[in-house]
Amino acid sequence: MSHIDTKCVQAGWTPKNGEPRVLPIYQSTTFKYDSAKMLGDLFDLNASGHFYTRLSNPTLEAVENKIAALESGVGAMLTSSGQAATMSAILTICRAGDNVISTSEIYGGTYNLFNITLRQLGIDVTFISNDTPADEIRTLVKPNTKAIFGETLSNPSLRVADLEKLAAVAHENNIPLIIDNTFPTPINCRPIEFGADIVIHSTSKYMDGHAVALGGAVVDSGRFDWKASGKFPMLSEPDESYHGTVFTEQFGNAAFIAKARCHIMRDCGMQQSPQNAFLLNLGLETLALRMERHSQNGLSMAKYLSQHEKVAWVDYPGLESSRDYELARRYLGGKCSGVVSFGVKGGKAEAAKLMEALKLTALVIHVADVRTSALHPASTTHRQLTDAQLEEAGVKPEMIRLSVGIENIEDIKADFEQALAQI
Ligand SMILES: *Cc1c(COP(=O)(O)O)cnc(C)c1O
């Protein structure tokens, strides 16, 4: 099973003789054992098996193994949401007094988590830009810096992170690179191949693809040497949270994902439900096909809009005019998924008018699913802000974020053609 589209369909669940062909939903919080000794071995991490769904469950395990296979990691952990995935990855290796360096071109929810919530917990975050040169990032790494964080293709600004640059600075300093790979999905980019050590997903977007199941995932590349680094005693020294377990000794190169599950998931309980994992798996089965169409349709719409007389500008890293075109070629193979930003001439009022004129394209607070949708931040999510404040927040008043679905491209274009004719 060497090709990624085959893994989407087949990895994770391999039924034995007479077992269900399709991954079943193990809708059970608990599991039965015949002996106390077996349960004891499970608790002591000396045997593998499921005993309580907050820690693990067969449905979740199959989907975790599929996602690990797609990202070429040694293991993965599903979480209740993308936010929970980021939080558990950080909590696995950071404590109060530590520092994380992150690009500021990231999802708004993650920005708030880093800028407010982590600071309140005593974890300091230093923000850099995607354009910050490696030498400048080097000067920002402090003895207490425990990770560098970025988004492969950022939501909503559509910047492409220079993964090799960030990985080089992280590894020179013996710290891991954590990458949120939600928008590209492993179909368009596998960050581990470019040096990422931990990969995060909001599976609520393209991975689910149908906008039915909130979820997240953390993937461990197995490539970071936590012991040699010397900066992660929680992994390389006896862990008081798990009766003296030394995770690097017991789990080898899967120490990070074992700690994430045995400690952080156990204590914080942001587990995905078996039902959602089942729905996520249905989405993953068609991910390769859908991403191909999303990327094709995204590029098509970006080209169409950039040639339209009523459109002022288009931002899509797959366009040659994009500042990140070269990075998108290097890391995404030129396949930039289905999210496109653009601005119409005439500013905020004309943009709001266009939104109302769209028919096939739905107005929703979501991106990255099979149905084409659009959002005008200035009249919705950012409507309290004045034009000046909008500019400051990097949201142009006329900006529309379009999430191109997998419908026939001619129907999507026709919808924009009729709507643009009305403004
Ligand atoms: C949506 C999103 C998240 C948060 O995921 P939820 O599943 O909504 O918690 C994180 N990162 C990116 C890039 C996202 O688009």
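Residues numbered from 1 in each chain as written. Predicted model: local features only at pLDDT ≥ 70, side-chain atom pairs only at ≥ 80, totals over all residues. Heavy atoms only, no water.

Turning our attention to helix H13 (residues 274–285). Compared with an ideal rise of 1.5 Å per residue, which puts 12 residues at 16 Å, H13 spans 17 Å between its outermost C-alpha atoms and is within 8% of the ideal. Pro-274, Asn-276, Ala-277, Phe-278, Leu-280, Asn-281, Gly-283 and Leu-284 are the residues of H13 that are buried. Contacts from the buried residues of H13 go to helix H1 (4–10), helix H3 (58–71), strand S1 (75–79) and helix H14 (287–306). (Helix = DSSP H or I, 4+ residues; strand = E, 2+ residues; numbered from the N terminus. Expected span 1.5 Å × (residues − 1). Buried < 20%, exposed > 50% of the residue type's maximum accessible area, 1.4 Å probe, protein only. Contact = heavy atoms within 4.5 Å.)

On to the pairing of strand S3 (residues 124–128), then. Of the pairings in the sheet, the one linking strand S2 (residues 99–103) to S3 comprises five bridges and is parallel in character. Across the sheet, Ser-102 pairs through a bridge with Phe-127, a residue of S3. Crossover connection from S2 via helix H5 (residues 108–120) to parallel S3: handedness right-handed. (Pairing = 2+ DSSP bridges. Right-handed = clockwise from strand over helix to strand, strands pointing away.)

Attention now moves to the side chain of Asp-315. When you line up the elements, Asp-315 lands in strand S8 (residues 311–315). Once residues within four sequence positions are removed from consideration, Asp-315 is found in contact with Ser-157, Leu-158, Arg-323, Val-340 and Ser-341.

This part is about the layout of surface pockets. Estimates place the volume of the second largest pocket at around 630 Å³. Element by element, the count of residues in the lining of the second largest pocket is highest for helix H12 (residues 255–268), at four residues. Looking at side-chain class alone, the lining of the second largest pocket contains 13 nonpolar, six polar and three charged residues. (1 Å grid on protein atoms, 1.4 Å probe; cavity = no way out; pocket = protein on both sides within 12 Å on 5 of 7 lines; lining within 4 Å. Points joined across faces, edges and corners; volume = space filled by probe spheres on them. Nonpolar A, V, L, I, M, F, W, Y, C, P; charged D, E, K, R; others polar.)

Looking now at the pattern of salt bridges. A full pass over the atoms with the stated rule returns 18 salt bridges. Between Arg-371 and Asp-369 there is a salt bridge, with its nearest N and O atoms 3.5 Å apart. Note on Arg-371: relative accessible area 45%, which makes it partly exposed. Each of Arg-119, Asp-124 and Lys-142 takes part in salt bridges that share partners, so that together they form one network. (Salt bridge = Lys/Arg side-chain N within 4 Å of Asp/Glu carboxyl O.)

As a further point, take the sheet that holds strand S10 (residues 362–363). Read across the sheet, five strands follow the order S8-S9-S12-S11-S10 without closing on themselves; strand pairing throughout is mixed. Looking at strand neighbours, the two that pair on one side only are S8 and S10, the edges of this open sheet. Against the sheet, H14 engages S8, strand S9 (339–344) and strand S12 (399–403), with an angle of about 150° to S8. Its contacts with the sheet put helix H16 (residues 347–357) on S9, S10, strand S11 (373–375) and S12, and the angle it makes with S9 is roughly 125°. (Axes fitted to C-alpha atoms, helices over the stretch in contact; angles between N-to-C directions.)

Taken together, the neighbourhood of the ligand is formed by 13 residues, with Asn-155, Asp-180, Ser-202, Ser-204 and Lys-205 sitting nearest. At 2.8 Å from an oxygen atom of the ligand is found a side-chain nitrogen or oxygen belonging to Ser-202. Classifying every residue of the shell around the ligand by side-chain character gives two nonpolar, eight polar and three charged. (Near = heavy atom within 4 Å. Polar contact = N/O pair within 3.5 Å; in protein donor to acceptor, adjacent residues only side chain to side chain.)

What follows is about the sheet that holds S3. The strand order across the open sheet formed by seven strands is S1-S7-S6-S5-S4-S2-S3, and the pairing between neighbours is mixed. The open sheet has two edge strands, S1 and S3, and neither has a second partner. Taking each pair of neighbouring strands and ignoring which way they run, the sheet shows an average axis angle of 20°. Inspection of the sheet shows strand S4 (residues 145–151) paired to strand S5 (residues 177–180) by four bridges, in the parallel sense. Residue pairing across strands places Ile-148 opposite Leu-177, the latter belonging to S5. In the packing of H5 onto the sheet, contacts are made with S2, S3 and S4, and the angle to S3 comes to roughly 145°. Across the sheet, H12 is in contact with S1, strand S6 (198–202) and strand S7 (216–220); its angle to S1 comes to roughly 30°.

Moving on: the domain arrangement of the protein. Split by domain assignment, the protein resolves into domain 1 (4–282) and domain 2 (288–420). The distance between the C-alpha centroids of domain 1 and domain 2 comes to 30 Å. Counting each side, the surface lost to burial between domain 1 and domain 2 is near 2500 Å², with a carbon and sulfur contribution of 59%. Where domain 1 packs against domain 2, one counts three salt bridges. Salt-bridge contacts for Asp-324 lead to Arg-159; the nearest nitrogen and oxygen are separated by 2.7 Å. Taken together, the connections running from domain 1 to domain 2 amount to 18 residue pairs in polar contact (both at pLDDT 80 or more). Along the lines of polarity and charge, the residues of the side of domain 1 that touches domain 2 split into 15 nonpolar, eight polar and seven charged. (Domains from an automatic or database assignment. Buried area = accessible area lost by both parts, 1.4 Å probe.)

This part takes up H5. Taking 1.5 Å of rise per residue, the 13 residues of H5 would be expected to cover 18 Å, and the 17 Å separating its terminal C-alpha atoms lies within 8% of that figure. Maximal helix bending in H5 amounts to about 35°, located at Phe-114. Residues of H5 that are buried include every one of Thr-110, Leu-113, Phe-114 and Leu-118, and no others. (Bend = angle between axes of the 7 residues up to and from the residue.)

Here we come to the packing of aromatic side chains. Within this structure, the stated rule accounts for 11 aromatic pairs. Taken together through their ring pairs, the aromatic side chains of Phe-224, Trp-226, Phe-232 and Phe-256 make up a single cluster. Lying over the aromatic face of Trp-313, Lys-396 brings its terminal NZ or CZ to 4.5 Å of the ring centre. (Phe/Tyr/Trp six-rings, centres within 6.5 Å; stacked < 30°, edge-to-face > 60°. Lys NZ or Arg CZ within 6 Å of the ring centre and 35° of its normal.)

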